[in-house]
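# What the coordinates show
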Amino acid sequence: MDIFQLMEQKNKEKESPLAARLRPRTIDEVVGQEHILAKDKLLYRAIKADKLSSVIFYGPPGTGKTTLAKVIANTTKSEFCQINATIAGKKDMEEVVENAKKIYGGYGKKTILFIDEIHRFNKSQQDYLLPFVEDGTITLIGATTENPYFEVNGALISRSQIFELKPLSDDNIKTLINKALTDRDNGLGSFNADITPEAMEFLADQANGDARRALNAIELGVMTTERAEDGKIHITLEVAEECIQKRAVLFDKDGDNHYDTISAFIKSMRGSDPDAAVYYLAKMLYAGESVTFIARRMMICASEDVGNADPQALVVATAAAQAVERVGMPEANLILSQAAIYIATAPKSNSCTIAIEEATNAVKEKGNLPIPTHLQDAHYKGAAKLGHGVGYKYAHDYKNNYVEQQYLPYELKGEKFYKPSFNGYEQKIIDHMKKIKKEAGEE
């Protein structure tokens, strides 16, 4: 590298976005990902000891996949090469492999190849790497935002350790914002800027675990805000809203508004108002509420308020809960909206809720009532001598698979806990039970 290239590189680093300038140089400077980077974890120890095998980093944008690769580059004694699968092709990989062979043959030095967006490579491109990963010519580091078990060849997966990076916590984001505002060498420390607690909370929340999003916003805020009379740049909530192009919604995830909004959401679905339900859903999603929290409450509502009036409501809510975990935001809002509208427009019944409540009260009030002898297990040793199971009528031996016999404890004979409504599918339940009991001679 000549003096002109050196100056070009230094200028490029100086003009790089804040997120790039603040990238940690060592593993101990990394913020977040404690589940894989705590000092007793495998990845931390492997990087520290420079004994890294092929790995794939998988996680959402802004969680530190490229950062970890850069840390490894700064730590390892191996040759380090980087390519991006969005613009690189097989020829680029061939050059890396040939160079790796020469370096290892001439100096006994290994080569680490970092491939960003590895899921963009097609099957044949990924297959090309396989023998060289297998024989140790290269140590592969792949980074992807997609599930590697779906997007990366199984052969490469089997030869790599998968590490999932999770969205950074709000506290992690706040740590990075504070570092950005105080670091005079690589951050914005020389600008004499501060941030209000409300703006800090807002940016940490709206970053959704993406460090790059938060740092881009704080950099834009500092660069575009005029100094106040005290000579400082103040990043207020209003400035933060402008920088991230989103209004702050009054929604404290741990406060009254949080519970008021989820309460209004549930009551709107219970009250069969799809418009109100989808409005409160949108309010929660806009404010950054956890999609898994919303989905859990919808499953409860589907059972508590719809019940057997439409048994499919619980199926829809459960499927939505599974889907949002796989899809994530922003597309998860479509799934939650569909499920919320289904629950809101479904026929309603709380008969199942009342049934379990009344049955529980009976258990509390009556205590441990004996189970009728004919229902007791007849298979264990000595059961027959005690008369257990004697007189039991096997329902499938009778018409409509139904026969009259005492199932409840005798002390609760005639008790009715489940009283189906006349709504939706529960009307069919009523008709069915009447039919089989009439044909069995009960009515």
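Calculation rules
Residues numbered from 1 in each chain as written. Predicted model: local features only at pLDDT ≥ 70, side-chain atom pairs only at ≥ 80, totals over all residues. Heavy atoms only, no water. Pairing = 2+ DSSP bridges. Helix = DSSP H or I, 4+ residues; strand = E, 2+ residues; numbered from the N terminus. Axes fitted to C-alpha atoms, helices over the stretch in contact; angles between N-to-C directions. Contact = heavy atoms within 4.5 Å. Core = buried A, V, L, I, M, F, W, Y, C linked by side-chain atoms within 4.5 Å. Buried < 20%, exposed > 50% of the residue type's maximum accessible area, 1.4 Å probe, protein only. pLDDT = per-residue confidence, 0-100. Polar contact = N/O pair within 3.5 Å; in protein donor to acceptor, adjacent residues only side chain to side chain. Parallel < 35°, antiparallel > 145°, perpendicular 65-115°, else oblique. Nonpolar A, V, L, I, M, F, W, Y, C, P; charged D, E, K, R; others polar. Expected span 1.5 Å × (residues − 1). Patch = residues over 30% accessible without salt bridge, like charges linked within 9 Å, V, L, I, M, F, W, Y side chains within 5 Å. Areas by Shrake-Rupley, 256 points an atom, 1.4 Å probe, with all protein chains shown as cover. Salt bridge = Lys/Arg side-chain N within 4 Å of Asp/Glu carboxyl O.

## Some remarks on the sheet that holds strand β2 (residues 79-84)
The strand order β2-β3-β4-β1-β5 describes an open sheet built from 5 strands, whose pairing is parallel. Unpaired on one side and paired on the other, β2 and β5 (161-164) mark the two borders of the sheet. Averaged over neighbouring strand pairs, the angle between their axes works out to 15° when direction is ignored. Inspection of the sheet shows β2 paired to strand β3 (residues 111-116) by 6 bridges, in the parallel sense. Bridge pairing links Glu79 to Thr111 in β3. Helix α5 (residues 65-75) rests against β1 (55-58), β2, β3 and β4 (138-144) of the sheet, and its axis sits at about 145° to β1. In the packing of helix α7 (residues 123-134) onto the sheet, the strands contacted are β3 and β4, and the crossing angle to β4 comes to about 135°.

## A few points about the nonpolar core
Counting residues in hydrophobic clusters, the biggest one holds 30 residues, and the most contacted among them are Ile173, Ile177, Leu181, Ile195, Leu203, Leu215 and Ile218. When residues of this core are traced back to their parent elements, those giving at least two are α2 (18-21), α10 (170-182), β6 (193-195), α11 (197-206), α12 (211-224), β7 (233-235) and α13 (237-244). By residue number, the principal contributor to this core is α12, which donates 6 residues. When near neighbours in sequence (up to four residues on either side) are disregarded, Ile195 contacts Ile177, Leu181, Met200, Leu203, Ile218 and Ile235. One finds Leu285, Phe293, Val324 and Ala344 within the second-largest nonpolar core, a separate group that totals 28 residues.

## Some points on the confidence of the model for the chain
For the chain, the mean per-residue pLDDT works out to 86, and 92% of the residues sit at or above 70. Per-residue pLDDT, averaged within each element of the chain, yields its smallest value for helix α1 (residues 3-15) (51) and its largest for helix α18 (residues 332-345) (94).

## Re the environment of Thr63
Tracing the backbone shows Thr63 in the loop between β1 and α5. With 227 residues separating them along the chain, Thr63 and Ser290 place their C-alpha atoms 18 Å apart. Apart from residues no more than four positions distant in its own chain, Thr63 is found in contact with Gln33, Leu165, Lys166, Pro167, Leu168 and Gly209. Among the polar contacts made by the side chain of Thr63, one reaches the main-chain carbonyl oxygen of Pro60 at a distance of 2.7 Å.

## Overview of the packing of helix α6 (residues 90-107) against α7
It is the contact of α6 with α7, at a shortest axis distance of 10 Å, that shows an interaxial angle of 10°. Taken together, α6 and α7 sit at an angle that is classed as roughly parallel. Where α6 abuts α7, its residues Lys90, Met93, Glu94, Val97 and Lys101 lie against Gln125, Tyr128, Leu129 and Phe132. Considered class by class, the residues forming the contact of α6 with α7 number 5 nonpolar, 1 polar and 3 charged.

## What to know about α12
For α12, spanning 14 residues, the distance from its first C-alpha to its last is 20 Å, which sits close to the expected 20 Å at 1.5 Å a residue. Where α12 is buried, its residues meet α2, α10, β6, α11, β7 and α13. If you check the start of α12, you find a side-chain oxygen 2.9 Å away from the backbone N of Arg212, and it comes from Asp210.

## Section: a nonpolar patch on the surface
There is a patch of nonpolar side chains on the surface, built from Tyr392, Tyr394 and Tyr407 and spanning about 340 Å² of accessible area. Of note, Tyr407 is situated in the loop between α19 (351-366) and α20 (425-439). Owing to a relative accessible area of 43%, Tyr407 belongs among the partly exposed residues under this scheme.

## Let's talk about the pattern of salt bridges
Evaluated as defined, the whole model comprises 12 salt bridges. Among the salt bridges present, the one from Glu201 reaches Lys174, with a minimum N-O distance of 2.7 Å. Taken together, the residues Glu201 in helix α11 and Lys174 in helix α10 connect sequence positions 27 residues apart. Lys174 sits in the buried class, given a relative accessible area of 18%. Where salt bridges share partners, they join Lys399, Lys435 and Glu439 into one cluster.

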